[in-house]
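Here are the chains, one letter per residue:
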Amino acid sequence: MPPSPIALLMTALALPACDGSAAPEVASAPPPPPPAAAPSPPTSATPAASAAPAAPPAAPLPVLKGVDVYGTDRFDGAWVKTRFGDVLKRFFGTEDEAERKALAKEMVEVILAEHKAIGWIELSPIIYYDRGGVLKAYVTVDVVERRDMKKRLTFGPQPKGDFEDPAGLLAAWKDYQDTYFRLMYEKKAIGPERAACPAFHCLGGYEHEKLRPYGERFVNDVPPNEDKLIRIFGADKDPEDRGAAAFLLAHIKDGEKLVSLMLPMLNDPDALVRNNAMRVVAHVAMSHHDVPIPLTPFLKALDGPTTTDRNKAAAVTWGLIDRPEGTKLYAQVITEAGPTLLKLLKLEQPNNHDFAYLILKKVSGKDFPERDYAAWEKWLAAAA
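Turning next to the overall build of the protein. Scanning the protein for helices and strands turns up 14 helices and 5 strands. Out of the 384 residues in the protein, the part that is buried amounts to 51%. Once local pairs closer than 6 in sequence are excluded, the contacts in the protein between residues at least 24 apart make up 71%. Surface summary for the protein: the accessible area is close to 17100 Å², and the carbon and sulfur share equals 55%.

Residues of helix 14 (residues 373–383) that are buried include every one of Ala 375, Trp 376, Trp 379 and Leu 380, and no others. For helix 14, the arc enclosing every buried residue in end-on projection is 130°, short of the 170-degree limit, so these residues lie on one face. Every exposed residue of helix 14 that faces more than 90 degrees away from the buried side is listed here: Ala 374, Lys 378, Ala 381 and Ala 382. At its buried positions, helix 14 is contacted by helix 12 (330–345) and helix 13 (350–364).

A word on the environment of Asn 352. Inspection of the secondary structure assignment puts Asn 352 in helix 13. Separated by 37 residues in the primary sequence, Asn 352 and Ala 315 have C-alpha atoms spaced 9.1 Å apart. Dropping the residues within four chain positions of it, Asn 352 is found in contact with Thr 307, Arg 310, Asn 311, Leu 344 and Leu 347. A polar contact is formed between the side chain of Asn 352 and the side chain of Asn 351, at a distance of 3.0 Å.

With their axes 11 Å apart at the nearest point, helix 12 and helix 14 run at an angle of 170° to one another. When the interaxial angle is binned, helix 12 and helix 14 end up roughly antiparallel. Counted together, Ile 334, Gly 338, Pro 339, Leu 342 and Leu 345 of helix 12 and Tyr 373, Trp 376, Glu 377, Trp 379, Leu 380 and Ala 383 of helix 14 form the full contact between these two elements. In terms of residue class, the contact of helix 12 with helix 14 is made up of 9 nonpolar, 1 polar and 1 charged.

Moving on, we come to the packing of helix 8 (residues 255–262) against helix 9 (residues 271–287). It is at 9 Å that the axes of helix 8 and helix 9 come closest, and there the two elements cross at 150°. With respect to each other, helix 8 and helix 9 are oriented roughly antiparallel. Note that helix 8 runs across helix 9; the crossing there is left-handed. In contact with Leu 258, Val 259 and Met 262 of helix 8, helix 9 contributes Ala 277, Val 280, Val 281 and Val 284. Classifying every residue of the contact of helix 8 with helix 9 by side-chain character gives 7 nonpolar, no polar and no charged.

Right, let's get into the pairing of strand 4 (residues 118–129). Strand 4 sits mainly inside the fold: 9 of its 12 residues count as buried. Looking at chain direction, strand 4 and strand 5 (residues 135–145) are connected through 11 bridges and run antiparallel. Following the sheet pairing, Pro 125 is matched in strand 5 by Val 139.

Applying the stated rule across the entire model yields 17 aromatic pairs. Look at Tyr 176 and Tyr 180: their rings are 6.5 Å apart centre to centre, the planes differ by 20°, and that puts the pair in the stacked class. Highlighted residues: Tyr 176 and Tyr 180, both in helix 4 (residues 169–185), separated by 4 residues, approximately one helical turn. For the pair Tyr 176 and Tyr 206, a centre-to-centre distance of 5.1 Å together with 50° between the ring planes defines the contact as tilted. Linking Tyr 176 in helix 4 with Tyr 206 in the loop between helix 4 and helix 5 (212–221), this pair joins segments that are 30 residues apart in sequence. Residue Tyr 176 is classed as buried on the basis of its relative accessible area, which comes to 0%. By way of ring pairs, the aromatic residues Trp 173, Tyr 176, Tyr 180, Phe 181, Tyr 206, Tyr 214, Phe 218 and Phe 247 are connected into one cluster.

So, on to the nonpolar core. Core analysis: the biggest nonpolar cluster contains 102 residues, and Phe 218 and Met 262 have the highest contact counts within it. Every residue in contact with Phe 218, bar those within four places of it in the chain, is listed here: Leu 169, Ala 172, Trp 173, Tyr 176, Tyr 206, Pro 223, Leu 248 and His 251.

With the exception of glycine, most residues fall at negative phi, and the peptide bonds are largely trans. One non-glycine residue with positive phi stands out, namely Ala 167, at about 55°. Within the element layout of this structure, Ala 167 appears in the loop between helix 3 (149–152) and helix 4. Ala 167 gets classed as partly exposed once you look at its relative accessible area, which sits at 43%.

Now for the pattern of salt bridges. Within the structure shown, the criterion is met by 19 salt bridges. The partner of Arg 83 in a salt bridge is Glu 114, and the shortest N-O contact between them spans 2.9 Å. Here Glu 114 lies in helix 2 (residues 97–114) and Arg 83 lies in helix 1 (residues 77–93), a separation of 31 residues in the sequence. Classification of Glu 114 by relative accessible area gives partly exposed; the value is 41%. The salt bridge partner of Asp 303 is Lys 343, with a shortest N-O separation of 3.4 Å. Here Asp 303 is found in the loop between helix 10 (296–301) and helix 11 (307–321), whereas its partner Lys 343 is found in helix 12, with 40 residues between them in sequence. Since its relative accessible area comes to 18%, Asp 303 is described here as buried.

Cut-offs used in this document
Residues numbered from 1 in each chain as written. Predicted model: local features only at pLDDT ≥ 70, side-chain atom pairs only at ≥ 80, totals over all residues. Heavy atoms only, no water. Helix = DSSP H or I, 4+ residues; strand = E, 2+ residues; numbered from the N terminus. Buried < 20%, exposed > 50% of the residue type's maximum accessible area, 1.4 Å probe, protein only. Contact = heavy atoms within 4.5 Å. Areas by Shrake-Rupley, 256 points an atom, 1.4 Å probe, with all protein chains shown as cover. Arc of directions from axis to C-beta. Polar contact = N/O pair within 3.5 Å; in protein donor to acceptor, adjacent residues only side chain to side chain. Axes fitted to C-alpha atoms, helices over the stretch in contact; angles between N-to-C directions. Parallel < 35°, antiparallel > 145°, perpendicular 65-115°, else oblique. Nonpolar A, V, L, I, M, F, W, Y, C, P; charged D, E, K, R; others polar. Left-handed = near helix turned anticlockwise from the far one by under 90°. Pairing = 2+ DSSP bridges. Phe/Tyr/Trp six-rings, centres within 6.5 Å; stacked < 30°, edge-to-face > 60°. Core = buried A, V, L, I, M, F, W, Y, C linked by side-chain atoms within 4.5 Å. Salt bridge = Lys/Arg side-chain N within 4 Å of Asp/Glu carboxyl O.

Next up, the structure:
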């Protein structure tokens, strides 16, 4: 059985794209567990002495590869590992969602008690599923100090709307997502590699026979329900519905309109909605170079409060500077985001660190080693 799909646990996937360019991994939505295996009930055709089917082998537990702290210098990843080593071991060693939540709460409460300057904190574990069956876990303690809350927690109020599901599309998307993650876990669908995409964004494509009907439905049914999905995206009280609407709206035909719909959602109060909106824009930035996208809001989001804010903003930034005309943006990236990129570079978390390294190499023209922080700091001091 894979780990339980809790809000704190996110699977890392590559951004699927229509072209063949490479990109670091980008966190997406959590996968569901496959259905529990159960022995078949006895029937008249089953001999009484027949042995019950063997239980499936247990999946290997995640291996903790790195612990980061972002948003404060009051403590670091080494302190977290020392202070909570046993708690983290239990966190990744259990499949019980309630136990995970309790362990996360325990860590958060201890940190808040010992560091009074912290105004907001979230534990951001991410597990990477690769084709070799090795589960690699990274944990980021995302922090906003009280003095920084007005600058880094600038999101809008919680929407209060309640809308019907147009043509059952929200339910269909959630079912597609569950099916895709199940296939991925069972190694029957794509893993980190890119997918052919009939829309501006695809989570895992629709090439597998079990996914194909969903793609056909979304391509056909989203455009006539566009206005209803836009209303849900901007105003529904359920963040899961708003997040699903982001991915569904990627099936409209107008790329500029799509980006204009996604941009206001960078201020959504829910991290999942912001994640999905920026993920759509990142795909557009990388794969649809004719669609204009402003850089400035994403440079701000590079210093966002959550791991997924930062990695999606970095994905958009990379997509824009990697366009044919991207050289025009280098100076802005260096001036407005150079110090933030160095902070991201120093993280262990791949989906923050890897993009920062790509961006820094691109805008600097340098090829310093990714962990040679002194060289990067010296370059930035000279370039700023």
